[in-house]
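Chain and residue survey
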Amino acid sequence: DVALILWNEDVIQLVSLVLLHHHLKSSGIEPGEGADRIENLIVSRRPRVVVFDLDPPYDRSAEVARYLLNRFSDCGFVMTCAGSAPARRTAPWLVGHPMFQKPYEMDEIANTICLMVRRRSISITDDVEGAKAWEGTPWLWSRPIRSVFLRTRQPEQQARNAKH
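Here we summarise the structure given alongside this text. Since this is a predicted model, take the numbers as computed values, not measurements. (Residues numbered from 1 in each chain as written. Predicted model: local features only at pLDDT ≥ 70, side-chain atom pairs only at ≥ 80, totals over all residues. Heavy atoms only, no water.)

1. Structural notes on the overall build of the protein chain
- Scanning the protein chain from terminus to terminus reveals 7 helices and 5 strands.
- The buried share among the 164 residues of the protein chain stands at 43%.
- Within the protein chain, contacts between residues at least 6 apart in sequence are counted, and of these 58% link residues at least 24 apart.
- For the protein chain, the exposed area adds up to about 9200 Å²; of that, 51% sits on carbon and sulfur atoms. (Helix = DSSP H or I, 4+ residues; strand = E, 2+ residues; numbered from the N terminus. Buried < 20%, exposed > 50% of the residue type's maximum accessible area, 1.4 Å probe, protein only. Contact = heavy atoms within 4.5 Å. Areas by Shrake-Rupley, 256 points an atom, 1.4 Å probe, with all protein chains shown as cover.)

Now the structure itself:
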């Protein structure tokens, strides 16, 4: 369900335990193991959500995060960091993703991850009303889901326009 790319094995184990209490499976590695290992983890586990720990200097780790976001656009991403303001100044595009500054509340991050996993589990074409419910939450409303929702809505709009 979740890939954890977090510094410190103890943190990976703690977050995994908290997620397990929310009935989510996770596996993780430290960012220092390199982009290839991170990619292999994501490819092999096929998570719905990736939790990525940004580290100073933020320009370097933000570039890795951006690469992963582009490479795995079907995954939701949650960012953690020591300083959210400097991270967002370095990489303004991070504003589109949930970010937790350390020390973060475990329940808060777990609830966010759970919402994102559940949202990625629904079939948008089968649940248009459910998709509309997410519309006001930009970081949960990803580009691929938005485009599926809009394609789903177009025939409905065309049918309404034909009646008038």
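More follows now that the structure is in view.
2. Overview of the sheet that holds strand β3 (residues 49-53)
- An order of β2-β1-β3-β4-β5 is seen for the 5 strands of this open sheet, with the pairing classed as parallel. The sheet is open, and its two borders are formed by β2 (26-29) and β5 (99-101), each paired with just one other strand. When strand polarity is set aside, the average angle formed by the axes of neighbouring strands in this sheet is 15°.
- Bridging between strand β1 (residues 2-5) and β3 involves 4 bridges; their strand directions are parallel. Bridge assignment links L4 to a residue of β3, and that residue is V51.
- Across the sheet, helix α1 (residues 9-21) touches β1 and β2, and the angle it forms with β1 is around 160°. (Pairing = 2+ DSSP bridges. Axes fitted to C-alpha atoms, helices over the stretch in contact; angles between N-to-C directions.)

3. Details of unusual backbone geometry
- The linkage connecting P56 with the following residue, P57, adopts the cis geometry, with an omega of -5°.
- Along the chain, P57 falls in the loop between β3 and α3 (58-71).
- Of note, the bond from K102 into P103 is cis; its omega dihedral lies within 30 degrees of zero at -5°.
- With respect to the element layout, P103 can be found in the loop between β5 and α5 (106-121).
- In this structure, N8 is a non-glycine residue whose phi angle is positive, near 85°.
- Within the secondary structure layout, N8 lies in the loop between β1 and α1.
- A relative accessible area of 38% means that N8 is categorised as partly exposed.
- Of note, the phi angle at R46 is positive, near 50°, even though the residue is not glycine.
- Tracing the backbone through its elements, the reader meets R46 in the loop between α2 (35-45) and β3.
- A relative accessible area of 71% means that R46 is categorised as exposed.

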